[in-house]
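If you want the building blocks of each chain, they are given just below.
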Amino acid sequence: KQEVTQIPAALSVPEGENLVLNCSFTDSAIYNLQWFRQDPGKGLTSLLLIQSSQREQTSGRLNASLDKSSGRSTLYIAASQPGDSATYLCAVSPRSFKTIFGAGTRLFVKA
Amino acid sequence: GAGVSQSPSNKVTEKGKDVELRCDPISGHTALYWYRQSLGQGLEFLIYFQGNSAPDKSGLPSDRFSAERTGGSVSTLTIQRTQQEDSAVYLCASSWGLTDTQYFGPGTRLTVL
């Protein structure tokens, strides 16, 4: 059974710091992995999608990597800003297409 | 262009009543998903539709839950005889295909009294 774990559960950093969020999954038979952010009371916003054949994706200050063999992904945020404060979720799309989400990392960037 | 929309944004109902939640996906997206997010819990997959294929209903928590998608576009999630444990935010997402980026709607907050 596929399980997705995110570490840390919460993180508080000063503005300008670079940071890494971690996601691990137990079954490497996935089509893709997606990172989202969720602001309080809002829906999810897609950040990056990495297909199973890819190793990383970049968008602006965000870089996501995927190591399918070890069941790990990281989301790197450069030069963090208070506007980055949100909950970050990773999700894997297994062979069944029943997307499985991690519990998220709650990020707070202090001004 | 327009994103995924959901209605209503909030729904308060009494235990035992039926409710219908609506999702309008992004035009042209063939895949549509429903999820549930309970207070303090992660996102739970409920069901997905892909094109004209029969939906995979195995994620629905009980037979009180059903969903349909008409004309490959709008989807309705119906909960019959609502229970207090059904209280949650119900999220809909759509994508071009099952391996593509999922775009989420703002959700419907359901409260069962």
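Structural data are supplied above this passage.
The rules behind each value
- Residues numbered from 1 in each chain as written.
- Chains lettered and ligands numbered in written order.
- Predicted model: local features only at pLDDT ≥ 70, side-chain atom pairs only at ≥ 80, totals over all residues.
- Heavy atoms only, no water.
- Helix = DSSP H or I, 4+ residues; strand = E, 2+ residues; numbered from the N terminus.
- Rg over C-alpha atoms; globule rule 2.2 N^0.38 Å.
- Buried < 20%, exposed > 50% of the residue type's maximum accessible area, 1.4 Å probe, protein only.
- Contact = heavy atoms within 4.5 Å.
- Lys, Arg positive; Asp, Glu negative; His and termini not counted.
- Charge placed at Lys NZ, Arg CZ, Asp CG, Glu CD.
- Disulfide = S-S within 2.5 Å.
- Pairing = 2+ DSSP bridges.
- Axes fitted to C-alpha atoms, helices over the stretch in contact; angles between N-to-C directions.
- Core = buried A, V, L, I, M, F, W, Y, C linked by side-chain atoms within 4.5 Å.
- Salt bridge = Lys/Arg side-chain N within 4 Å of Asp/Glu carboxyl O.

> Now, about the overall build of chain B: what can you tell me, with residues and values included?
Looking only at helices and strands, chain B has zero helices and 10 strands in total. Beginning at the N terminus, the succession of helices and strands in chain B can be written as β-β-β-β-β-β-β-β-β-β. Over its C-alpha trace chain B gives a radius of gyration of 13 Å, about what one expects of a compact globule, namely 13 Å for 113 residues. Along the first, second and third principal axes, the C-alpha atoms of chain B reach 35 × 25 × 25 Å. A total of 113 residues make up chain B; the buried ones form 49% of that total. Within chain B, contacts between residues at least 6 apart in sequence are counted, and of these 56% link residues at least 24 apart. Distance from the positive charge centre (10 side chains) to the negative charge centre (11 side chains) of chain B: 4 Å.

> Kindly report on the environment of glycine 40 of chain B, identifying the contributing residues and their values.
Secondary-structure assignment places glycine 40 of chain B in the loop between strand S4 (31-37) and strand S5 (43-50). Residues glycine 40 of chain B and proline 55 of chain B, spaced 15 residues apart in sequence, show a C-alpha to C-alpha distance of 28 Å.

> Describe in detail the state of the cysteines, supporting the description with residues and values.
All names here are of chain B. Applying the stated criterion across every chain yields a total of two disulfides over all chains. A sulfur-sulfur separation of 1.8 Å characterises the disulfide bridge that pairs cysteine 23 with cysteine 92. Judged by the torsion about the S-S bond (-60°), the cysteine 23/cysteine 92 disulfide is left-handed. Placement of the pair is cysteine 23 in strand S3 (residues 19-24) and cysteine 92 in strand S8 (residues 88-95), with a sequence separation of 69 residues. Exposure remark for cysteine 23: the relative accessible area of 0% places this residue in the buried category.

> Talk me through the pairing of strand S6 (residues 65-69) of chain B; I want residue IDs and the actual numbers.
All names here are of chain B. Residues of S6 alternate between two faces, with Phe65, Ala67 and Arg69 buried on one and Ser66 and Glu68 left unburied on the opposite face. Sheet topology places S6 next to strand S7 (residues 75-79); five bridges connect them, and they run antiparallel. The residue bridging alanine 67 from the neighbouring strand is leucine 77, located in S7. Linkage of S6 to S7, two consecutive antiparallel strands, is achieved through a turn of five residues, within which glycine 71 is found at a positive phi near 60°.

> So what's going on with the sheet that holds strand S7 (residues 62-67) of chain A? Which residues, and what values?
Paired through their backbone hydrogen bonds, the strands of a sheet run either parallel or antiparallel. All names here are of chain A. With respect to topology, five strands assemble into an open sheet ordered S1-S3-S8-S7-S6, the strand pairing being antiparallel. The sheet terminates laterally at strand S1 (4-7) and strand S6 (56-59), the two strands that pair on one side only. Geometrically, the sheet is characterised by an average inter-axis angle of 15° between neighbouring strands, direction not taken into account.

> Let's hear about the sheet that holds S7 of chain B: which residues, and what values?
Residues and elements named next belong to chain B. One open sheet holds the four strands; their spatial order is S1-S3-S7-S6, and the pairing between them is antiparallel. Each of the sheet's edge strands pairs with one partner strand only, and the pair in question is strand S1 (5-7) and S6. The mean angle between the axes of side-by-side strands here comes to 15°, regardless of whether they run parallel or antiparallel.

> A description of the nonpolar core should follow, citing residues and the corresponding values.
Membership of the largest hydrophobic core comes to 23 residues, with the highest contact counts inside it found for Phe25, Leu33, Trp35, Leu75, Ile77, Tyr88 and Leu107 of chain A. Looking at this core, the elements with two or more residues in it are strand S3 (19-25), strand S4 (30-38), strand S5 (44-51), S7, strand S8 (72-77), strand S9 (86-94) and strand S11 (105-110) of chain A. Setting aside anything within four residues of it in sequence, one finds phenylalanine 25 of chain A in contact with Gln2, Glu3, Val4, Ile30, Leu33, Leu66, Asp67, Lys68, Gly71, Arg72 and Val92 of chain A. Core analysis: the next-biggest nonpolar cluster, separate from the first, contains 20 residues, Cys23, Trp34, Leu46 and Phe49 of chain B among them.

> Describe the pattern of salt bridges, listing the residues and the values that go with them.
Applying the stated criterion to the full structure yields six salt bridges over all chains. The shortest N-O distance in the salt bridge between lysine 98 of chain A and aspartate 56 of chain B comes to 3.7 Å. Taken together, the residues lysine 98 of chain A in the loop between S9 and strand S10 (100-101) and aspartate 56 of chain B in the loop between S5 and S6 connect one chain to another. Look at lysine 98 of chain A and you get partly exposed, because its relative accessible area is 24%. For the salt bridge of arginine 22 of chain B with aspartate 24 of chain B, the shortest nitrogen-to-oxygen distance reads 2.7 Å. Accessibility expressed as a relative area gives 22% for aspartate 24 of chain B, which makes it partly exposed.

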